[in-house]
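Commentary on secondary and tertiary structure
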Amino acid sequence: MRRISIEALPNLYGKIAQSMDLILPVKTADQTNFSVWSDGCEVDLQTLKTVKSPKDAFFPQSETLYTVKKENRKLNVQPQALKDQDFVVFGMKACDLQGLAVLDKVFLAEPVDTFYAARREHGVVVTLACREPEESCFCKVFGVDPSQPNGDVATWIVDGYLYWKPITAKGEKLTELAKDLFEDASDDAVKAQQTSIQAIVEKLPYANLSLNGWNGDALDEKFNSKVWEELYKPCLGCGTCTFVCPTCQCYDIKDYDTGHGVVRYRCWDSCMYSDFTMMAHGNNRNSQMQRFRQRFMHKLVYFPANNDGMYSCVGCGRCVEKCPSSLNIVKVIKAFEKKEETV
């Protein structure tokens, strides 16, 4: 175990940024999101959850796939180069790290998404324990321990110090890069904080949310339930829940005429939109109820059915905080639980 004082963290940021991009929580216009560090930016390690998850570092909201130009009556296709330089994502919470595990199941399965795979290969994840989980958090339900975040390097902020524990070969290499900035430390302070964090988690409102009945075998029962007909009605179909979610992986592919060629790119999409996966004959989910049902069935039934029981939710609570109609996965689970109690 090593540590560095909070006051000296800018030195650590600068040291890392000398050799690779450093992505961490940055506050801009009173909102905190992961962004590339630059000298003078306002780093915010105090905010528990960024507005968007840091999945953007590995699965960008928009990215070019290739460019097509016409040269001498021939089309010249130029594929976008894959990520080939190491970078660090600093301050990722345990729930967001679990979100990457979900994305790995999607993008690293055959056929492998080479853009995502290249970023995973070159990305170094430095996690940060959650000192004070909030009422909207329910990561414990999905087996996530916010006091033990793992990653390539795990860190904890305790009494004015950042405690630093390398876990993987990537983490050891990063530690070696900045070894002169650290001092050896006992892990006693970290263990005490872990105990405190776990005590907070046990008292959270959704700590004992039950997933009973939600699994890969519940398809017919849940799909045909009349609960959806009432539950979906306040949904605006705005897609906010999908854009703040660390596990949503849907995207669209579009072409853009630059005037000097055509750029094909992909960008995040949402199953909550009426034109999502629109085909020539129309859309196979043509009502908001069907689209609403699809989102939660995927996270709680379809995904675990195809991924050894892994749920496509990590309990980060962003949808709980951001949905303008107060519709979220917790409300869905509780609605079905209430129905079962009355049967």
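Here the structure is a predicted model, which is why all the values come from computation and not from measurement.

A word on the overall build of the protein chain
Looking only at helices and strands, the protein chain has 11 helices and 12 strands in total. Against the globule reference of 20 Å for 343 residues, the protein chain gives a C-alpha radius of gyration of 22 Å, in line with a compact fold. Counting every position in the protein chain, which comprises 343 residues, the buried fraction comes to 49%. Long-range pairs, those at least 24 residues apart, make up 71% of the contacts in the protein chain with a sequence separation of at least 6.

Quick look at the packing of aromatic side chains
If you walk through the whole model with that rule in mind, you get 19 aromatic pairs. Between Trp 214 and Phe 336, the aromatic rings sit 5.0 Å apart at their centres with planes inclined by 75 degrees, giving edge-to-face as the arrangement. Taken together, the residues Trp 214 in the loop between α5 (188-203) and α6 (219-223) and Phe 336 in helix α11 (residues 329-342) connect sequence positions 122 residues apart. Per residue, the accessibility class of Trp 214 equals that of Phe 336, and both read buried.

Focus on the sheet that holds strand β4 (residues 62-71)
The strand order across the open sheet formed by 4 strands is β5-β4-β12-β11, and the pairing between neighbours is antiparallel. Among the strands making up the open sheet, the edge pair consists of β5 (74-79) and β11 (251-257). Within the sheet, the average angular offset between the axes of one strand and its neighbour, ignoring direction, is 20 degrees. Alignment of β11 against strand β12 (residues 262-268), held across 7 bridges, turns out to be antiparallel. Bridging across to β12, Lys 254 finds its partner in Tyr 265.

Structural notes on the domain arrangement of the protein chain
Taken domain by domain, the protein chain comprises domain 1 (2-59 + 85-203) and domain 2 (219-256 + 268-337). Taken together, the contact pairs 26 residues of domain 1 with 29 residues of domain 2. Together domain 1 and domain 2 conceal approximately 2300 Å² of surface at their shared face, both sides included; 66% is due to carbon and sulfur atoms. On the domain 1 side of the interface with domain 2, the three residues burying the most area are Lys 55, Phe 138 and Phe 142, jointly 26% of the side's total.

Let's talk about the pattern of salt bridges
Enumeration according to the criterion identifies 15 salt bridges in this entry. The residue Asp 56 makes a salt bridge to Lys 52 at a minimum N-O spacing of 3.0 Å. Judged by relative accessible area, Asp 56 falls into the partly exposed class, the value being 26%. Of the residues examined, Lys 52 reaches a relative accessible area of 21% and is grouped as partly exposed. Salt-bridge contacts for Glu 221 lead to Lys 222; the nearest nitrogen and oxygen are separated by 3.3 Å. Through salt bridges with shared partners, a single network forms among Glu 63, Asp 113, Arg 119 and Arg 266.

What about the side chain of Arg 295?
Secondary-structure assignment places Arg 295 in helix α9 (residues 288-306). It is Asp 269 that comes nearest to the buried, bridge-free Arg 295 among opposite-charge side chains, at 11 Å. If near-sequence neighbours (up to four positions away) are discounted, Arg 295 is found in contact with Cys 241, Thr 242, Cys 245, Cys 248, Cys 271 and Met 272.

Overview of α5
The terminal C-alpha atoms of α5 lie 24 Å apart, and with 16 residues this matches the ideal 22 Å at 1.5 Å per residue to within 8%. Residues of α5 that are buried: Val 190, Gln 193, Gln 194, Ile 197 and Val 201. In an axial view of α5, the angular spread of the buried residues amounts to 105 degrees, which keeps them on one side of the axis. Projecting away from the buried face of α5 at angles above 90 degrees are the exposed residues Asp 188, Thr 195 and Lys 203. Where the residues of α5 are buried, they touch β8 (153-158) and β9 (161-166).

Structural notes on the nonpolar core
Within the largest apolar cluster, 32 residues are counted, with the highest numbers of intra-cluster contacts made by Phe 138, Trp 214, Trp 228, Phe 292, Leu 300 and Ile 329. Contributions of two or more residues to this core are made by α7 (227-231), α9, α10 (318-322) and α11. Per-element tally for this core: the top contributor is α9, with 7 residues. Among all residues touching Phe 138, those that are not within four sequence positions of it are Tyr 206, Leu 209, Cys 313, Gly 315, Gly 317, Val 320, Ile 329 and Val 330. By size, the runner-up hydrophobic cluster in this structure holds 24 residues, among which are Ala 8, Met 20, Leu 24 and Leu 174.

A short note on the pairing of strand β6 (residues 87-92)
Look at any regular strand and the pattern is simple: side chains alternate between the two faces of the sheet. Counting buried positions along β6 gives 6 out of 6 residues, so the element sits mostly inside the fold. In the sheet, strand β2 (residues 21-28) pairs with β6 via 3 bridges, with the strands oriented parallel. Bridging from a neighbouring strand, Leu 22 pairs with Val 88 of β6.

Definitions and cut-offs
Residues numbered from 1 in each chain as written. Predicted model: local features only at pLDDT ≥ 70, side-chain atom pairs only at ≥ 80, totals over all residues. Heavy atoms only, no water. Helix = DSSP H or I, 4+ residues; strand = E, 2+ residues; numbered from the N terminus. Rg over C-alpha atoms; globule rule 2.2 N^0.38 Å. Buried < 20%, exposed > 50% of the residue type's maximum accessible area, 1.4 Å probe, protein only. Contact = heavy atoms within 4.5 Å. Phe/Tyr/Trp six-rings, centres within 6.5 Å; stacked < 30°, edge-to-face > 60°. Pairing = 2+ DSSP bridges. Axes fitted to C-alpha atoms, helices over the stretch in contact; angles between N-to-C directions. Domains from an automatic or database assignment. Buried area = accessible area lost by both parts, 1.4 Å probe. Salt bridge = Lys/Arg side-chain N within 4 Å of Asp/Glu carboxyl O. Lys, Arg positive; Asp, Glu negative; His and termini not counted. Expected span 1.5 Å × (residues − 1). Arc of directions from axis to C-beta. Core = buried A, V, L, I, M, F, W, Y, C linked by side-chain atoms within 4.5 Å.

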